[in-house]
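Structural features, examined
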Amino acid sequence: MIDDTERRMTIDDVAKVAGVSRSTVSLVLRNSDLVAERTNIIVREAADRIGYVYNRTAAIRAKLSNLVGIIIPDLTNPFFADLTAGVDQVLNEAGWISLLGNSWESAASQEKILRRMHEHNVDAVIVCPTNDSDNATTESLSRSGLRVLQVLRRMDDETSYLGIDYADGVSLAVSHLHELGHKDIVFLGGELIHSAAKERFRGYRSSMLERGLEPKHVPCVLRRAGAAEAVAELHRSAALPTAFICFNDVVAMGAMNGLERLGLKVGHDVSVVGFDNVADAAFSMPPLTTVDTQARQLGEKAARLVLGSIQEGHAISQTTITKTSLIVRGSTGRVAEPKKPESLR
């Protein structure tokens, strides 16, 4: 039976027995090359003799700031708000603090935020890279010496990445609409710049071609107003499709607004599918059918990956991909019958 009054051996005890300084013991236990081999042996024998156990976790924590940086491209997008809330909740429960930076899709702002976070000695950075991120951004992250986790968008294959199976998510949307009889399905929103956009379109294109359907991409700014204007422009220049798969829920809600202005009933005359399943999706009129990416849970997972890496002293998992599911609501329905001309009624 162990005596409760027995004192746990410390680095100071090892230093006293070995006849060296406390800093020398610390260097030995951290496997530093600065200590002579003979001194190394003396210190380790002294530690074994008194039963000292090196607490690596405590040593790691002693050097930490307990700060994690989060850099996102657009906090006004409810998806990123949910993601950030998930990260912050896990960090807060673990006694850590998050530092939030909004890059506004600017690589220059992203670089400035990263530099400020480095000055505040953050222990890691969770970043969703901007649209215009390039090799300079990758090199900057690499030079920072910080643990970096890319989320949602991937700049390179060397930095750790947590993402969504975008292609499969969009494939679910195409399959759903095709089963409802839709053949003219447009992919609305975004430019094919970053990995998240390219992967979405890849899933859409391959799913359309598998069914013998023609893929059509209509770019627009990822804002409600931009989506509404794109729908109006499409109506002016050509026949509207029977269904839209939108880059995200913000675009989908803008598209629905634009369609309603044209006198069309969403879910009856035209079907619309979003992507993300933000909180507002269930309360739009009609409620939005959308691909659920579980933004908050994704943020929680990002925080756990980073904290686990720091506390256990290993690299962040290289690539982690999460699955999606389709939430069917009122914005999609069977393809509408063509309206007869007035003269035939």
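Residues numbered from 1 in each chain as written. Predicted model: local features only at pLDDT ≥ 70, side-chain atom pairs only at ≥ 80, totals over all residues. Heavy atoms only, no water.

**A closer look at the pattern of salt bridges**
Within this structure, the stated rule accounts for 10 salt bridges. Of the charged contacts in the structure, one is a salt bridge between Asp168 and Lys323, with a shortest N-O distance of 3.6 Å. In this pair, Asp168 is assigned in helix H8 (residues 166-179) and Lys323 in the loop between strand S11 (319-322) and strand S12 (325-327), connecting sequence segments 155 residues apart. A residue is classified by how much of its surface remains accessible, and Asp168, at 26% relative accessible area, is partly exposed. The exposed category is assigned to Lys323, whose relative accessible area is 54%. Of the charged contacts in the structure, one is a salt bridge between Lys216 and Asp184, with a shortest N-O distance of 3.0 Å. Placement of Lys216 in strand S7 (residues 216-218) and of Asp184 in the loop between H8 and strand S6 (185-188) is noted, with a sequence separation of 32 residues between them. By relative accessible area, which is 32% here, Lys216 ends up partly exposed. (Salt bridge = Lys/Arg side-chain N within 4 Å of Asp/Glu carboxyl O. Helix = DSSP H or I, 4+ residues; strand = E, 2+ residues; numbered from the N terminus. Buried < 20%, exposed > 50% of the residue type's maximum accessible area, 1.4 Å probe, protein only.)

**Some thoughts on helix H1 (residues 11-18)**
By the burial criterion, the buried members of H1 are Ile11, Asp13, Val14, Ala15 and Ala18. At the exit of H1 stands Gly19, carrying a positive phi of roughly 75°.

**With respect to the sheet that holds S7**
Hydrogen bonds along the backbone pair up the strands of a sheet, which may run parallel or antiparallel. Here 6 strands make up an open sheet; going across it, the order is S7-S6-S8-S9-S10-S12 and the pairing mixed. Each edge of the open sheet is held by one strand with a lone partner, namely S7 and S12. The mean angle between the axes of side-by-side strands here comes to 25°, regardless of whether they run parallel or antiparallel. In this structure, S6 lies alongside strand S8 (residues 243-246), joined through 4 bridges in parallel fashion. By the bridge assignment for S8, Phe187 is matched with Ile245. Its contacts with the sheet place helix H9 (residues 195-210) against S6, S7, S8 and strand S9 (271-276), and it is angled at close to 170° to S6. (Pairing = 2+ DSSP bridges. Axes fitted to C-alpha atoms, helices over the stretch in contact; angles between N-to-C directions. Contact = heavy atoms within 4.5 Å.)

**Description of H8**
Compared with the 20 Å implied by 1.5 Å per residue over 14 residues, the 20 Å span of H8 between its first and last C-alpha is a close match. Along H8, the positions that sit buried rather than exposed are Tyr166, Ala167, Gly169, Val170, Ser171, Ala173, Val174, His176 and Leu177. Just beyond H8, the residue with positive phi is Gly181, at close to 100°. (Expected span 1.5 Å × (residues − 1).)

**So, the packing of H8 against H9**
Any two packed helices are characterised by how steeply their axes cross, that is the angle between the axes, and by the distance between the axes. Two elements in contact, H8 and H9, have axes whose closest approach is 7 Å; the angle formed by their N-to-C orientations is 40°. On the basis of their axis angle, the class for H8 and H9 is oblique. Remark: the crossing between H8 and H9 carries right-handed chirality. Contacts between H8 and H9 pair Tyr166, Ala167, Val170, Ser171 and Val174 from the former with Ala196, Glu199, Arg200, Arg202, Gly203, Tyr204, Ser207 and Met208 from the latter. (Parallel < 35°, antiparallel > 145°, perpendicular 65-115°, else oblique. Left-handed = near helix turned anticlockwise from the far one by under 90°.)

**Focus: the environment of Asp157**
Within the element layout of this structure, Asp157 appears in the loop between strand S4 (147-151) and strand S5 (160-164). With 161 residues separating them along the chain, Asp157 and Gln318 place their C-alpha atoms 8.3 Å apart.

**Comments concerning the packing of helix H5 (residues 78-93) against helix H12 (residues 295-312)**
For the pair H5 and H12, the least separation of the axes is 7 Å and the interaxial angle reads 40°. On the basis of the axis angle, H5 is oblique to H12. Considering how the two elements wind past one another, H5 and H12 form a crossing that is right-handed. Across from Phe79, Asp82, Leu83, Ala85, Gly86, Val87, Gln89, Val90 and Leu91 in H5, the residues of H12 making contact are Ala295, Arg296, Leu298, Gly299, Glu300, Ala302, Ala303, Arg304 and Leu307.

**Observations concerning the nonpolar core**
Counting residues in each nonpolar core, the largest one holds 71 residues, and the members touching the most others are Val151, Leu152, Leu188, Tyr204, Phe244, Ile245 and Leu259. Per-element accounting of this core gives the leading share, 8 residues, to H12. Apart from the residues within four sequence positions on either side, Leu152 is in contact with Phe79, Phe80, Leu83, Cys128, Tyr161, Leu162, Gly163, Ile164, Tyr166, Ser195, Ala196 and Leu298. Counting 12 residues, the second largest nonpolar core, distinct from the first, contains Ile11, Val25, Val35 and Tyr52. (Core = buried A, V, L, I, M, F, W, Y, C linked by side-chain atoms within 4.5 Å.)

No statement about biological role is implied by the geometric values presented.
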